[in-house]
Amino acid sequence: MQVFLGDPRRFALPGCALTIGNFDGVHQGHRRMLERLRAEARARELPTALLTFEPHPREFFARANPPARLSTLRDKFALLEELGLVDYVFVYRFNHSFSNMTGKDFVDQVLVSELKTRYLLIGDDFQFGSGRQGNFELLASCPHFATEAMPSVLIKGERASSTLVRERLGAGDLDSANALLGEVYRISGKVMHGKKLGRTIGFPTANIHLPHLKPALQGVFVVEADTPHGRLGGVASLGLNPTVSDTPDYKLEVHLFDFSGDLYGQRLTVRFLKKLRDEARYDDLATLVAQIERDAASAKTYLTSLQREQA
């Protein structure tokens, strides 16, 4: 899979079978769409391509209160790479100029001139261009490519969507969210230096950098983390850490069981297995430590039972 930033015409790429969207989380609906795209691309002897945007358009239009993002751009690339269904990913910068482009200009300049689209697969609710005036009829009228609308994908009777995944994660319903995603929800990031309070109370943590303002879920969780030392179980806090922090920045802090070592600068992928509780503010550090001890014990019990089920 090749990723292209900027005007793709400078790469002299061939025509493609294209789909468009944010693909936040790369959920089951996205996966079915990419499977359909691959099938059509093979029939037409074309490479598959995905056009996506950075930042997310909803982030651009709601900067003061952006929606939670399911996956970073890097995580999105990793998920797409694992699927093996996309040959090219085109990342377009979503800015004022792009948002003001008319639907017709988007078709003529982006889809035809820049991406050399020969087949286009879109979601059944896809709209585009300034004022969201572009629609299926406009795309279908373009003689340069064939256009098909993909019907909604239902998972247990519900339409798979990034919005629904966010709702389920926000409610702590990881089982439902994972069913929509098709895998365990995960976040990756680089381990950064923090206050190092955890090591003074017997629970050293890896502090994972979060590049976006708001995570899709918050609370205390049983986790597994992919590290340079293998996959390790642990307990994680994702939120504002109100007992010891007064900043508005969200933090992902992971305590790994049966591990001692230096992870600074390393990239960890954290998989969220079970929510233990919501965040809470405690009156003093001793009360917080007692709660962390209970959380760690609960997480170890859960991980042990999970290992028995998988044995």
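Since the model is a prediction, treat every value here as computed from it, not as a measurement. (Residues numbered from 1 in each chain as written. Predicted model: local features only at pLDDT ≥ 70, side-chain atom pairs only at ≥ 80, totals over all residues. Heavy atoms only, no water.)

Draft legend 1. Local environment of the sheet that holds strand β10 (residues 206-208). Reading around the barrel, the six strands line up as β9-β10-β13-β12-β11-β14 and close back on themselves, with antiparallel pairing between neighbours. Mean inter-strand twist for the sheet, computed between neighbouring axes without regard to direction, equals 45°. Pairing of strand β11 (residues 219-227) with strand β14 (residues 267-277), which is carried by seven bridges, proceeds in the antiparallel orientation. If you follow Phe221 over to β14, its bridge partner there is Lys275. Of the strands in this sheet, β11 and β14 are in contact with helix α8 (residues 174-181), which crosses β14 at around 135°. (Pairing = 2+ DSSP bridges. Helix = DSSP H or I, 4+ residues; strand = E, 2+ residues; numbered from the N terminus. Axes fitted to C-alpha atoms, helices over the stretch in contact; angles between N-to-C directions. Contact = heavy atoms within 4.5 Å.)

Draft legend 2. Structural context of the side chain of Lys76. Along the chain, Lys76 falls in helix α3 (residues 73-83). Buried charged residue Lys76 carries no salt bridge. Nearest counter-charge: Glu54, at 5.4 Å. If near-sequence neighbours (up to four positions away) are discounted, Lys76 is found in contact with Asn22, Phe23, Val26, Thr52, Phe53 and Ser71. (Buried < 20%, exposed > 50% of the residue type's maximum accessible area, 1.4 Å probe, protein only. Lys, Arg positive; Asp, Glu negative; His and termini not counted. Salt bridge = Lys/Arg side-chain N within 4 Å of Asp/Glu carboxyl O.)

Draft legend 3. Quick peek at the pattern of salt bridges. A complete count under the given rule lists 16 salt bridges for this structure. A salt bridge links Arg271 to Asp226; the nearest nitrogen and oxygen atoms lie 2.1 Å apart. Taken together, the residues Arg271 in strand β14 and Asp226 in strand β11 connect sequence positions 45 residues apart. The closest approach of N and O atoms between Arg277 and Asp295, which form a salt bridge, is 2.7 Å. With Arg277 in strand β14 and Asp295 in helix α10 (residues 285-310), this pair connects stretches of sequence that are 18 residues apart. For Arg277, a relative accessible area of 18% gives the class buried. Among the ionic contacts, a cluster of salt bridges with common partners joins Arg31, Glu82, Glu183 and Arg186.

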